[in-house]
Amino acid sequence: MRNFADLIKTLDSTNKTTIKVAALTTYFKQASPEDKVWTIAILSHRRPPRPVNTTLLRLWANELANIPMWLFEESYHIVGDLAETIALIIPTTKEHSDKSLTEYLEEIIALKKKPEEEKKAYLQQNWLALNYYERFVFTKLITGSFRIGVSQKLMTRALSKAEDVDEDVLAYKLMGNWDPNKITFQELILDEKSSDYLSKPYPFYLAYPIEGDVENLGKVEEWSIEHKWDGIRSQTIIREDEIFVWSRGEELVTDKYPEFQAFLGVIPNGTVIDAEILAFSNGEIGTFNDLQKRIGRKTVSAKLLESNPVILKAYDILEWEGRDIRNETYEFRRKLLEQLYEAVKETKIPFSISERATIASWDEVASERMLAREKRSEGLMIKRTNSTYQVGRKKGDWWKWKLEPLVIDAVLTYAMRGSGRRSNLFTDYTFALWQENEAGEKELVTFAKAYSGLTDAEFRKVDDFIKKNTVEKFGPVRSVTPQLVFEIGFEGIAFSKRHKSGVATRFPRILRWRLDKKIADANTIEDLKSMII
Amino acid sequence: MILEFNKIIRERYNLTRTENVIFDYLIDIIMTTPLLAFNDKGIYCAIADVYLDPWKPVTNAIITHGHADHSRWGHKNYITHKTNVPIILHRLGEINVSGVEWNETFTINNVKFSLHPAGHIIGSSQVRVEHKGEVWVFTGDYKTEDDGISVPYEVVKCDTFITECTFGLPAFKWTPQAEVMENINNWWLENQAEGKTSILFGYSLGKAQRLLKYLNPEIGQIYTHGSIENMTNVLRPMVEFPKTTLITRETKKEELLGNIVLAPPSAHGGTWIRKMTPFVTGSASGWMAFRGARRRRAVDKGFVLSDHCDWYSLLDSIKATGAEKVICTHGYTDIFSKYLRELGYDARTEKTQYEGELSEIDKTEE
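Since the model is a prediction, treat every value here as computed from it, not as a measurement.

Draft legend 1. Geometry of the overall build of chain A. Helix and strand counts for chain A stand at 19 helices and 22 strands. In terms of C-alpha radius of gyration, chain A reaches 26 Å, essentially the compact-globule figure of 24 Å for 533 residues. Dimensions along the principal axes, computed over C-alpha positions, put chain A at roughly 70 × 70 × 50 Å. Looking at the 533 residues of chain A, the share that counts as buried comes to 38%. Intrachain contacts of chain A at a sequence separation of at least 6 include 71% that bridge at least 24 residues.

See the structure below:
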């Protein structure tokens, strides 16, 4: 455990990628195979199921700290991280623990089925046996993921250096649904053939936002243009009469979309398709908001299937007749995909293709982009016709050219303390727009929350304002005298019954602080609604 | 005095009924005015017409220590501990200041004042105020750990204790200075082994000298930023410090490699620092106890070292004063005073403009 805690401490205490990769490489070279598997699992967000809920965790930690519960909660609001708060308030003893990371994780897994008394005794005993940082790491293993700025890509790079296995091969091996408690390091990383090949997806190829003028990309004939659909990027695998649907976040979501079972027997085995899952009713693409109703549910009722149907809109084909064709050109793969679509389109399965725009100049590309909002897309994808299907986010061959966000000027009305690097600063804001109430008076109505888009210096100034202009405190939330106006940008907009304003916005974020505007100059809910197509 | 005055007036004049009511009211106000009150200028002793650490210009100011939020410019007369005199003269320039000794009582209009070590930085004091047997103590900023350079904190018995609580949360618990300094010296050695310059941030008055005092000069040279060099020179007659070298335009970055640079937090991210590549940055502050604070500050290494009390030493020192009333001035005041009330103290919060260690992390130095 000590080595793993030291690794996390190093990763957490630097912003430099080189230092992170070096620390990981060193760790992988000396750690036991079991610990390595668990480290990979944890850094790729495969943590064991939570054995204890956070309410009990707080209660038991607080018992050791011997402070009133409200004081624990206040501390938690300020520290901004539960595991860190627990690690800080529990006294450090002279004891120490020599158990390995794997031993701890096995105990944590076993803990789930134990009676409450045993859980409590186990946690309290171990909290006291570990030093401050180990205690933090131990608690993190129980509560959730480590957000320490280590992407899967970075970890893969370090592992590749330590084990001398190609990075892209590793990325493929690490995908999918493997269980760190059952797989050995040998099977996961070193063995040539993987046991769970059947469901295994390929790493997604991701595009960069376009930089500068689109015409700088060169001849328009060398590029293929299609819309960037606003749904869930997914990979659908059909092998040996089984179907697996993976989301971009490497989550297996097959069960959420039972309508895709209809692909079996229609789309041949040995096919892997890169596509967007979209809300689709009455022959029309829906909004992301329509899709949201499907994403949130664990079980899908027949009623929901009826009211919120989806479709798979295919971009690319990665495997055909059981052969990995990612190294073929985009043009080659698209032809296959189009043939596949032609062959199955009469069968009424919820499958379609992301059409390629016929375009003769960059001007026409620009005009096509302007149609995005109407077509319910986020903008355009620009792909080089001879590009292979690469791994991860790579520059050069695939670009996204998104629409400019919609903007509105809104008033800051509530603020909450941030977490992580923003803990102890008020950085999570709620914004409101004007609306006339029944009495004909103008009032501010909440429409969105946002917590990104300002510089650290601006956040400090706004934080200072909030502390001086607090009207009321509700735990970590404060209501603030309406005085500051911000320009809020968002990607999409739709009517919503769940929101007080009657409108849901997608990806709201702060574009800038309008120091030049007074609250009377902020927009109205009506202005916002007029943006809905 | 007030009661005698009351008697004289009433004997000499035959007050009407209305006048009587008004006069009673006035006497009542005077009688119930606390020895120290908080107004928009600072902490005020009306009887002596003296302010403690005022934040707006006043006639008479007793100053606890040299940090900018406690010793401001523009007062007519300054009274402070004699070791703080050269510090505030250096920071504020031409001012009218008189220095007193620890425990030396000076009386203004029957109010007895004395200064007592606060252990925060060199020359930092608590102010004891006594009138008619009632004793108030104002801590300014303080810490109870002996840092070996400022005179250690002294417990002063009182009825009302006006305390800071910058780190008044149970999440703050300091490790002993010797341990932290060992970590800092080891960090320097590691950076040296990699051929890098270590840049260590600390407030130029107080923290920088505390770090300097315990850096191991056998490891390498200690370089300083101008503001730290100047302040250290002011303090050298009082404390022995290792040799330092001021960084100037002529300083080559090659000569810094493997050595350590002491810089104020405000230098972080500026061009002055960027010219020193390759370097590693570290910050020494109580806020470094929080991972979020360190990441926000974007330093490579955080050392938890504070010139303020942690949670436990705040509680211990309040208990040791024997005070029944506690007033919290800056830090996590609401939370801390609520907890004190649960412990049975008559505790409350007063709004001041002191910043505690905040200035070390989220604001730039003056």
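Now, onward.
Draft legend 2. Structural detail: the overall build of chain B. Per the secondary structure count, chain B includes 12 helices and 19 strands. With respect to the principal axes defined by its C-alpha atoms, chain B has extents near 90 × 45 × 30 Å. Across the 366 residues in chain B, those meeting the buried criterion constitute 48%.

Draft legend 3. Main features of unusual backbone geometry. With an omega dihedral of 0 degrees, the bond running from Thr277(B) to Pro278(B) counts as a cis peptide bond. The backbone of Asp164(A) shows a phi angle near 60 degrees, a positive value even though the residue is not glycine. Residue class for Asp164(A) comes out exposed when judged on the 7 C-beta atoms lying within 10 Å of it.

Draft legend 4. Focus on the domain arrangement of chain B. Residues and elements named next belong to chain B. When cut into domains, chain B gives domain 1 (37-172 + 308-361) and domain 2 (177-303). Contacts between the two partners involve 19 residues from domain 1, matched on the other side by 19 residues from domain 2. Elements with a minimum of two residues in the side of domain 1 that touches domain 2: helix 3 (85-92) and helix 12 (358-361). Among the elements that take part in the side of domain 1 that touches domain 2, helix 3 stands out by supplying 3 residues, more than any other. For the side of domain 1 that touches domain 2, the class distribution of residues is 9 nonpolar, 6 polar and 4 charged.

Draft legend 5. Structural context of helix 10 (residues 152-163) of chain A. In a regular helix each residue adds 1.5 Å, so 12 residues correspond to 16 Å; helix 10 of chain A covers 16 Å between its end C-alpha atoms and thus fits that length. Turning to helix 10 of chain A, the residues buried within the fold contact helix 2 (17-30), helix 3 (33-43) and helix 11 (167-173) of chain A.

Draft legend 6. Structural context of the packing of helix 2 of chain A against helix 10 of chain A. Residues and elements named next belong to chain A. Contact geometry of helix 2 with helix 10 gives a least axis separation of 8 Å together with a crossing angle of 45 degrees. One element, helix 2, and the other, helix 10, form an angle in the oblique class. The handedness of the crossing between helix 2 and helix 10 comes out as right-handed. In this structure, helix 2 contributes Thr17, Lys20, Val21, Leu24, Thr25, Phe28 and Lys29 to the contact, and helix 10 contributes Leu154, Met155, Arg157, Ala158, Leu159, Lys161, Ala162 and Glu163. Looking at side-chain class alone, the contact of helix 2 with helix 10 contains 8 nonpolar, 2 polar and 5 charged residues.

Draft legend 7. Expanded view of the sheet that holds strand 3 (residues 223-229) of chain A. Residue and element names in this part refer to chain A. Taken in spatial order, the 4 strands make up an open sheet running 2-13-11-3, and their pairing is mixed. With one partner strand each, in any of the chains shown, strand 2 (208-209) and strand 3 form the two edges of the open sheet. Taken together, the 5 bridges between strand 11 (residues 377-384) and strand 13 (residues 398-402) define a ladder with antiparallel strand orientation. The partner of Gly379 across the bridge, within strand 13, is Lys402. Relative to the sheet, helix 16 (residues 362-370) contacts strand 3, strand 11 and strand 13, its axis offset from that of strand 11 by approximately 150 degrees.

Draft legend 8. A look at the interface of chain B and chain A. Listed by partner, the interface residues are 19 residues for chain B and 24 residues for chain A. Looking at which element gives the most residues to the side of chain B that touches chain A, the answer is helix 9 (residues 291-297) of chain B, with 6 residues. Across the side of chain B that touches chain A, the residue classes break down as 9 nonpolar, 2 polar and 8 charged.

Draft legend 9. Fine view of the domain arrangement of chain A. Under the domain assignment, chain A is made up of domain 1 (2-143), domain 2 (205-402) and domain 3 (406-529). The centre of domain 1 of chain A, based on its C-alpha atoms, is set 40 Å off from the matching centre of domain 2 of chain A.

Draft legend 10. Spotlight on helix 3 of chain A. All names here are of chain A. Burial analysis of helix 3 places 9 of its 11 residues in the buried class, which makes it a mostly covered element. Inspection of helix 3 places Asp35, Lys36, Val37, Trp38, Thr39, Ile40, Ala41, Ile42 and Leu43 among the buried residues, and these make up the whole buried set. Just downstream of helix 3, His45 is the residue with a positive phi angle, here 60 degrees.

Draft legend 11. Representation of the nonpolar core in the model. By size, the foremost hydrophobic cluster in this structure holds 188 residues, and its most contacted members are Leu278(A), Val261(B) and Leu262(B). Per-element tally for this core: the top contributor is strand 8 (residues 310-320) of chain A, with 8 residues. Non-local contacts of Leu278(A), meaning those with residues more than four positions away in its chain, are made with Trp229(A), Gly231(A), Ile285(A), Gly286(A), Leu291(A), Val310(A), Ile311(A) and Lys313(A). Val485(A), Ile510(A), Ala522(A) and Leu528(A) belong to the second largest nonpolar core, which has 33 residues in total.

Draft legend 12. Representation of the sheet that holds strand 13 (residues 222-224) of chain B. Residues and elements named next belong to chain B. Spatially, the 6 strands line up as an open sheet ordered 14-13-15-12-16-17, and their pairing is parallel. The open sheet has two free edges, formed respectively by strand 14 (245-246) and strand 17 (301-303), since each of these has just one partner strand. Bridging between strand 13 and strand 15 (residues 260-263) involves 3 bridges; their strand directions are parallel. Each bridged residue has a counterpart across the sheet, and for Ile222 the counterpart in strand 15 is Ile260. Running at roughly 160 degrees to strand 17, helix 4 (residues 177-193) makes contact with strand 12 (197-201), strand 15, strand 16 (279-284) and strand 17 of the sheet.

Draft legend 13. View of the environment of Ala504(A). Residue and element names in this part refer to chain A. Note on placement: Ala504 falls in strand 21 (residues 503-506). Along the primary structure Ala504 and Ala279 are separated by 225 residues, whereas in three dimensions their C-alpha atoms are 16 Å apart. The contact partners of Ala504, leaving out residues within four places of it in the chain, are Asn289, Ala494, Ser496 and His499.

Draft legend 14. Structural detail: the pairing of strand 18 (residues 325-331) of chain B. Residue and element names in this part refer to chain B. Of all 7 residues making up strand 18, 6 are buried, and the element is well covered by its neighbours. The sheet contact formed by strand 11 (residues 160-165) and strand 18 spans 5 bridges and is parallel. Paired with Cys165 across the two strands is Gly331, which belongs to strand 18. Strand direction decides the pairing type here: strand 18 and strand 19 (residues 346-349), joined by 4 bridges, are parallel.

Draft legend 15. Fine view of the confidence of the model for chain B. Residue and element names in this part refer to chain B. Across chain B, pLDDT averages 91, with 96% of residues at or above 70. Overall, residues 359-366 carries pLDDT values under 50, and its contacts beyond four positions in sequence, including any with other chains, amount to 18 contacts. Both confidence scores are given for the complex: pTM 0.76, ipTM 0.87.

Draft legend 16. Fine view of the packing of helix 3 of chain A against helix 7 (residues 101-111) of chain A. All names here are of chain A. Where helix 3 contacts helix 7, the two axes come as close as 8 Å, and the packing angle between them is 60 degrees. Viewed along their axes, helix 3 and helix 7 adopt a mutual orientation that is oblique. Contacts between helix 3 and helix 7 involve Glu34, Asp35, Trp38 and Thr39 on the former and, on the latter, Leu101, Thr102 and Leu105. In the contact of helix 3 with helix 7, the residues fall into 3 nonpolar, 2 polar and 2 charged.

Draft legend 17. A look at the pairing of strand 16 (residues 442-450) of chain A. All names here are of chain A. Summarising the sheet, strand 15 (residues 426-436) and strand 16 pair through 8 bridges and their orientation is antiparallel. Looking at strand 16, one finds that Gln435 is bridged to Glu443. The turn linking strand 15 back onto strand 16 is made up of 5 residues, and Gly440 within it adopts a positive phi angle of 80 degrees.

About the thresholds
- Residues numbered from 1 in each chain as written.
- Chains lettered and ligands numbered in written order.
- Predicted model: local features only at pLDDT ≥ 70, side-chain atom pairs only at ≥ 80, totals over all residues.
- Helix = DSSP H or I, 4+ residues; strand = E, 2+ residues; numbered from the N terminus.
- Rg over C-alpha atoms; globule rule 2.2 N^0.38 Å.
- Buried ≥ 20, exposed ≤ 12 C-beta atoms within 10 Å, placed from the backbone.
- Contact = placed C-beta atoms within 7 Å.
- Domains from an automatic or database assignment.
- Nonpolar A, V, L, I, M, F, W, Y, C, P; charged D, E, K, R; others polar.
- Expected span 1.5 Å × (residues − 1).
- Axes fitted to C-alpha atoms, helices over the stretch in contact; angles between N-to-C directions.
- Parallel < 35°, antiparallel > 145°, perpendicular 65-115°, else oblique.
- Left-handed = near helix turned anticlockwise from the far one by under 90°.
- Pairing = 2+ DSSP bridges.
- Core = buried A, V, L, I, M, F, W, Y, C linked by C-beta atoms within 7 Å.
- pLDDT = per-residue confidence, 0-100.

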